[in-house]
Amino acid sequence: DVVNAINDAAKFWLDKGVAGFRLDAVTHAWQDPNATEGYAFWRNFYNAMKAYKPDVYMVGEVLDDAPVVAPYFTSIPALFNFKAYWKLTEFLNNATYAKWYPKDFQDVLNIYNSSSSSYTNATKLSNHDEDRTLSTLGSIPGRAKVAAAVLLTMPGQPYLYYGEEIGMKGIKATGDENVREPFLWTTGTDSYRTTWRTPSYSNNSTVTPLAQQKDDAASIFAVYKKFLELRNTYPALASGSLAYGDINSQPDNELVYYTRQKDSEKLMVMHNFGSSTKTVSLAPIVKALNLSGVKQPVAEQGGAKVTLSGSTYTVTLPGYSSIVVEMN
């Protein structure tokens, strides 16, 4: 009777036009998060909704490490990848071993692959239950920009929590409401901004509102806009494979690089997780990634650039910068 009531409630909302559901805390549907009964409950729920609405979408929250997340892919088609975000913030706050990030990311996918051959890796930065990204990253805008560039150039289906695109701040320990403060649309009298409380972390003195960031090519918003457009332009970024070569042979611990490829389209992505400028020759990197040569840079943030001197390509990455290069 309980299951039937849950299914009826879900169908009610599907009939209203809802496209699908974000399923909260799915491990708590059963007392034991690893119980087969819990997997079965969600599998039956998804199948019942899919039978009712064939194009229904579902994404689940399993706030745990990859081995606990993976089995739920047998029940729910999409799950949030918390591990990727935890590792990303760890390496951005301490770039000593940043070059390992692509491998750590792939290690999570390998665990997912052990449970399912067809799943949606729902990538994210912070959400409504976590400290906001910029606060987690020491309120350093450059780190938030790199985080955005990584999110939008790595595999998966990215989710954006409102306010990330303008660098809103917030600490959960002082109350959930402090990571859910009103969005800053513009300065002065902002008729769109909700007024249910006075914000403690994200206000006009701590965060530049959207209207002003739209006109600033160096803003956090500009990075999101540019890299979202890039992801929608290049299928390799949206759904291509990930490769990163031999991590041990990479020249700098604070540099992160990898390739995304779909069919003949190949993109090389590089990030500087550190605060100081790095200048490296592309030749050994191109060789390590099994690429044949540089075609053209297609996007950057933070002032990164590729230069050609004679037949030698060099990439310069200022602190907290990123670049995407189309390769042959």
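Up top you'll find the structure we're talking about.
Asker: I'd like to hear about the environment of Ser241, residue by residue, with values.
Answerer: Structurally, Ser241 can be placed in strand 5 (residues 241-243). Counting along the chain gives 86 residues from Ser241 to Pro155, while the straight-line C-alpha distance between them is 7.4 Å. Once you skip the residues sitting within four places of it in the chain, Ser241 turns out to touch Thr259, Arg260 and Gln261.

Asker: Could you give an account of unusual backbone geometry, with specific residues and numbers?
Answerer: Although it is not a glycine, Ser139 sits at a positive phi angle of roughly 55°. Position of Ser139 among the secondary structure elements: in the loop between helix 6 (133-136) and helix 7 (141-151). Positive phi, normally seen in glycine, also occurs at Asn290, with a value near 60°. Mapping Asn290 onto the fold places it in the loop between helix 11 (282-288) and strand 9 (294-301). Judged by its relative accessible area of 68%, Asn290 falls in the exposed class.

Asker: How would you summarise the sheet that holds strand 8 (residues 278-281) if you had to cite specific residues and measurements?
Answerer: Taken together, the three strands give an open sheet; going across it, the order is 8-11-10, and neighbouring strands pair in antiparallel fashion. Looking at strand neighbours, the two that pair on one side only are strand 8 and strand 10 (305-309), the edges of this open sheet. Between one strand and the next, the sheet's axes are offset by a mean angle of 25°, whatever the strand orientation. In this structure, strand 10 lies alongside strand 11 (residues 312-317), joined through five bridges in antiparallel fashion. Of the residues in strand 11, the one forming a bridge with Leu308 is Tyr313.

Reading the values: the criteria
Numbering of residues starts from 1 in each chain and follows the order in which that chain's sequence is written. Two thresholds apply to this predicted model, a pLDDT of at least 70 for residue-level local features and 80 or more for giving and counting side-chain atom pairs, whereas whole-chain, interface and lining totals are computed over all residues. The side-chain quantities take in all heavy atoms of the structure and omit both hydrogens and water. Numbering of helices and strands starts at the N terminus; helices are DSSP runs of H or I of at least 4 residues and strands are runs of E of at least 2. Pairs of residues are marked as contacts when any of their non-hydrogen atoms sit within 4.5 Å. Relative accessibility thresholds used throughout: buried, under 20% of the residue-type maximum; exposed, over 50%; partly exposed, between the two (1.4 Å probe, protein chains only). Criterion used throughout: strands pair if DSSP finds at least two bridges between them. Lines fitted to C-alpha atoms define the axes, with helix axes restricted to the stretch in contact, and inter-axis angles between N-to-C directions lie between 0 and 180 degrees.

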